[in-house]
Amino acid sequence: MAQRQFNVDGVRLACEDVGAGPPIVLLHGFPLDHTMWNAQIAALQSNFRVIAPDLRGFGASQLAEGDAENGVGMERYAADVIGLLDSLQISEPVVLAGLSMGGYVAWQVALRWPDRIRGLVPCDTRAVADADEPRAARFKMAEAAMQAGNSSPALAMMPKLLGAETREQRPEVEALLRAMIERQTAEAVAAAQRGMARREDVRGKLDKITADSLCIVGAEDAISPPAEMHEFAALLAKSGDDDVRITEIDHAGHMTPMENPAAFTAAVAAFAKKCYRL
Ligand code: MLT
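Residues numbered from 1 in each chain as written. Predicted model: local features only at pLDDT ≥ 70, side-chain atom pairs only at ≥ 80, totals over all residues. Heavy atoms only, no water.

Trainee: Could you clarify how one ought to interpret the sheet that holds strand β3 (residues 23-27) in this entry?
Mentor: Hydrogen bonds along the backbone pair up the strands of a sheet, which may run parallel or antiparallel. Taking strand neighbours across the sheet as the criterion, the eight strands line up as β1-β2-β4-β3-β5-β6-β7-β8 in an open arrangement whose pairing is mixed. Both edges of this open sheet fall to β1 (3-8) and β8 (244-249), since each of them pairs with a single strand only. For this sheet the average axis-to-axis angle between neighbouring strands, irrespective of direction, equals 20 degrees. Packing against the sheet, helix α4 (residues 101-112) makes contact with β3, β5 (94-99) and β6 (117-123), and its axis sits at approximately 145 degrees to β5. Each of β3, β5, β6, β7 (212-218) and β8 touches helix α12 (residues 261-275); the most contacted strand, β7, lies at about 175 degrees to it. (Pairing = 2+ DSSP bridges. Helix = DSSP H or I, 4+ residues; strand = E, 2+ residues; numbered from the N terminus. Axes fitted to C-alpha atoms, helices over the stretch in contact; angles between N-to-C directions. Contact = heavy atoms within 4.5 Å.)

Trainee: Whenever I open this one, the site of the ligand confuses me. Can you help?
Mentor: Around the ligand, the surrounding shell consists of Gly-29, Phe-30, Ser-100, Met-101, Tyr-104, Arg-138, Met-157, Met-196, Ile-223 and His-254. Take Met-101: an N or O atom from its main chain is 2.9 Å from an oxygen atom of the ligand. At 2.7 Å, a side-chain N or O of Arg-138 approaches an oxygen atom of the ligand. When the free accessible area of the ligand is taken as 270 Å², the share hidden by the protein chains comes to 94%. (Near = heavy atom within 4 Å. Polar contact = N/O pair within 3.5 Å; in protein donor to acceptor, adjacent residues only side chain to side chain. Areas by Shrake-Rupley, 256 points an atom, 1.4 Å probe, with all protein chains shown as cover.)

Trainee: Just checking my understanding: could you explain the packing of helix α5 (residues 132-148) against helix α9 (residues 186-197) for this structure?
Mentor: What describes two packed helices is the angle between their axes and the distance between those same axes. Contact geometry for α5 and α9: axes closest at 8 Å, N-to-C directions at 165 degrees. Classified by the interaxial angle, the pair formed by α5 and α9 is roughly antiparallel. Note that α5 runs across α9; the crossing there is left-handed. Listed contacts from α9 to Arg-135, Arg-138, Phe-139, Met-141, Ala-142, Glu-143, Ala-145 and Met-146 of α5 are Ala-186, Glu-187, Val-189, Ala-190, Gln-193, Arg-194, Met-196 and Ala-197. (Parallel < 35°, antiparallel > 145°, perpendicular 65-115°, else oblique. Left-handed = near helix turned anticlockwise from the far one by under 90°.)

Trainee: I would appreciate a short explanation of the packing of helix α3 (residues 74-87) against α4 in the present structure.
Mentor: Across the interface, α3 lies against α4 with an axial gap of 8 Å and an inter-helix angle of 70 degrees. Comparing their axes, α4 and α3 come out roughly perpendicular. Of the residues in α4, those in contact with Met-74, Glu-75, Tyr-77, Ala-78, Val-81 and Ile-82 of α3 are Met-101, Tyr-104, Val-105, Gln-108, Val-109 and Arg-112. A breakdown of the residues in the contact of α3 with α4 according to their chemical character gives nine nonpolar, one polar and two charged. (Nonpolar A, V, L, I, M, F, W, Y, C, P; charged D, E, K, R; others polar.)

Trainee: Help me out: how do you make sense of the pattern of salt bridges in this one?
Mentor: Two side chains that carry opposite charge are able to pair once their charged atoms sit near each other. Enumeration over the complete set of coordinates arrives at 19 salt bridges. In this structure, Arg-199 and Asp-130 form a salt bridge, with 2.9 Å as the shortest nitrogen-oxygen distance. Placement of the pair is Arg-199 in the loop between α9 and β7 and Asp-130 in the loop between β6 and α5, with a sequence separation of 69 residues. Take Arg-199 and Asp-130: they sit in the same class, and that class is buried. Where Glu-165 meets Arg-170, a salt bridge forms, and the shortest distance between an N and an O atom there is 3.5 Å. A single network of salt bridges, built from pairs that share partners, joins Asp-9, Arg-56, Asp-67, Arg-76 and Asp-80. (Salt bridge = Lys/Arg side-chain N within 4 Å of Asp/Glu carboxyl O. Buried < 20%, exposed > 50% of the residue type's maximum accessible area, 1.4 Å probe, protein only.)

Trainee: Looking at this structure, how should I read the environment of Asn-7?
Mentor: Position of Asn-7 among the secondary structure elements: in strand β1. Overall, Asn-7 belongs to the exposed group, its relative accessible area being 56%. Here the alpha-carbon distance between Asn-7 and Gln-62, two residues 55 residues apart in the chain, equals 9.8 Å. In terms of polar contacts, Asn-7 uses its side chain to reach the backbone amide nitrogen of Val-11, at 3.5 Å.

By themselves, these figures tell us nothing about what the structure is for.
Written as structure tokens, this is what we have:
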């Protein structure tokens, strides 16, 4: 693995940058870091250049002053992704995958910088904004993390992140995920929760996205269920200029790339090959 670090708008951001070929960018979910993509990073690098950032505050990436208190908007994380691509001198359009929170960020990249997107892979994510109750729960978790001085309040998400089969039969996946959450900071949790609480409902804008898309969801996803994916995939297809495909992956809950890495990676690799005409 080759970690690289860049200063983007005064903030040190880190990303994995491995392999050679057309680029695939992987945006992690909350409250995680780029290591959730380890299986994909390992497998895709033989055909692609794989860029897996740590979003601002997570993993080895810093926050700016005030981010924890004010929250980091999905637009800001998206601008960071573009800043990283600029630092890496990748100006060609990329295949961009984002899981859950990474998906919220990917929508903003695709809507604000359409010329930078060759193909979009929204995974286990949502297009709708939060209802009042989950929004309030985000502010609560942000406060609880800051009070605890660590990410422990986010561990409450664990039961919903993985499918029943993974929890029962693959305890090593649960252990990896728990350790990943535990090593994130209180500030990163607070910044992201406050940012996600204020994120916009993008459903009315999805017909503006003309890049081809592959929408992926774990069949047992309890956070962003398959039915929601089918709804936003139909909205994406409304532009008529793009090819929108959907893939439901068995033996997986919300953390599809970790729970069924082989099926997930194969779907992304086939889509990227199609996008790049390989
Ligand atoms: C994630 O996996 O990124 C989170 O479930 C996103 C969210 O809390 O909405």
